[in-house]
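Next come the chains, spelled out residue by residue.
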Amino acid sequence: MDGLDDRPASVAEVGNSKRSGSPKYNERAKTPRLDPKLGSPLLLLSPEEGGFRLYKPDEDKFYETKSDFSGYRFLASSGKWFLVVDSRWDLYIIDVFSDERISLPPLESTQGGLYMVEREGSNDFKVTLIGGSLNGRCCVHTTEYLRGLLWVDDKNGDFVVVWQFEQGQFLGFCKKGDLHYRDIPIRVDVRREFRGLQDVVLKGYNLYILVNRSFIRHLDLSGQDGFKDVSATPRFPIWVSAFGRDLGISEIKKVISFSDSIAVTTSGDVLLVFTTAFESLGERSRIFHVYKRDPEKELKGNICGTSLVEVRSIGDEALFFDLSITVPADHTLGIEPNCIYFTRNDRFGHKDGSIPCLVDICVYNIATRTFKRFPSLSNLKLKDAMWFLPS
């Protein structure tokens, strides 16, 4: 894939909140270009008034992207690359530091599996089941709730794209060189314990799915003929009773939102991350709980309990919630150890639509249960925000 190279970063600086007291999006400073340190955390911001901005936390500065991305909705990132959808509901991979753009197959190109996708009008797609006992059943999905995942190999340019309609019956995916998408059924022709979807993580060619029964379905997408199910035989769900979650806050008056998500560590272990936003003593706050499998409990064979244990440390790593992975901590890059970099809790997983999702940009220390926030962002009205790690 041409373009997946180390081109020089290029975005225009648009404000320094330390000097101005607030971001000045209409003023360009004399230093016109952002040269991000590879691997250093950045924020992509989507203001309600439109357009996109970049925020560099270690400098407390805002930058404008080189190209105008106002016609896109950003779905996912991998390094400096983003998966986006435009107003015609076509998917692309773009580099936010250059004009590089890679076109992807249309959604309706999905073939070779159980589902057929057709456009209906300007904003809807009809999905029809063309195999199995429910052959012919169809439903219509709006593209407003299209979700996506992206992984790009910076060494050779290979990539994987995964997408799904909200509450859809399958995941669509393609890799570099594919002219169409393949489907991954999540309800039909799937073992009972692996049906449904709560959350998904893409790490390289590995796809991890938290299913409705709280088991982990593990798929290998590296083959030439679709996907291979490499899930371990389930003994216990990756699940913790709500009664076992001590929020550590005694004065909670109102729960605003909550979610169960998964993340994959650098060693390939799967973590369960539970987060709740709430009101307490007139102020809004948030708490996180992180769980991992407990080998000792699994060996005891207590099928009535849980095989998970809460952890107060993920070691010398940081968890980026938008990417659903951990990365090694590095103080020179501004990546703090044992922390969760967070923006929102419904990047991909299916959440209760009646509960509003709030953009809540923060860095949370798991051990001390303390937050680092960014005053320069406090007055911004944002539709979305996303942490990413340029590479």
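Scroll up to find the structure.
Residues numbered from 1 in each chain as written. Predicted model: local features only at pLDDT ≥ 70, side-chain atom pairs only at ≥ 80, totals over all residues. Heavy atoms only, no water.

*Asks:* Requested: an account of unusual backbone geometry, with residues and values cited.
*Replies:* Positive phi, normally seen in glycine, also occurs at Asp60, with a value near 55 degrees. Tracing the chain through its elements places Asp60 in the loop between strand S3 (53–56) and strand S4 (61–65). The buried category is assigned to Asp60, whose relative accessible area is 11%. Even without being glycine, Ser324 reaches a positive phi, approximately 60 degrees. Looking at the secondary structure, you find Ser324 in the loop between strand S24 (317–320) and strand S25 (325–328). Given the relative accessible area of 12%, Ser324 is considered buried. (Helix = DSSP H or I, 4+ residues; strand = E, 2+ residues; numbered from the N terminus. Buried < 20%, exposed > 50% of the residue type's maximum accessible area, 1.4 Å probe, protein only.)

*Asks:* Which residues make up the pattern of salt bridges, and what values do they have?
*Replies:* Summed over all chains, the structure comprises 20 salt bridges. Salt-bridge contacts for Arg217 lead to Asp229; the nearest nitrogen and oxygen are separated by 3.7 Å. Within this pair, whereas Arg217 is found in strand S18 (residues 216–220), its partner Asp229 is found in strand S19 (residues 228–229), the two being separated by 12 residues in sequence. Among the residues examined, Asp229 registers a relative accessible area of 38% and is labelled partly exposed. One salt bridge in this structure joins Asp384 and Arg344, with 3.1 Å as the shortest N-O distance. One end of the pair, Asp384, is in strand S29 (residues 382–388); the other, Arg344, is in the loop between strand S26 (339–342) and strand S27 (362–365), with 40 residues separating them in the sequence. One salt-bridge network, held together by shared partners, links Asp86, Arg88, Asp90, Glu108 and Arg119. (Salt bridge = Lys/Arg side-chain N within 4 Å of Asp/Glu carboxyl O.)

*Asks:* Describe the pairing of S27, and please don't skip the residues or the numbers.
*Replies:* What you see with S27 is no split at all: Cys362 and Tyr364 on one side and Val363 and Asn365 on the other are buried throughout. As defined by bridge partners, S26 adjoins S27 across four bridges and the pair is classed as antiparallel. Residue pairing in the sheet places Cys339 in a bridge with Asn365 of S27. In textbook terms, the turn of a hairpin is the stretch between consecutive antiparallel strands, and for S27 and strand S28 (residues 370–372) this stretch comprises four residues, one of which, Arg369, has a positive phi near 55 degrees. (Pairing = 2+ DSSP bridges.)

From the geometry alone we can't say anything about function, so treat these as descriptive.
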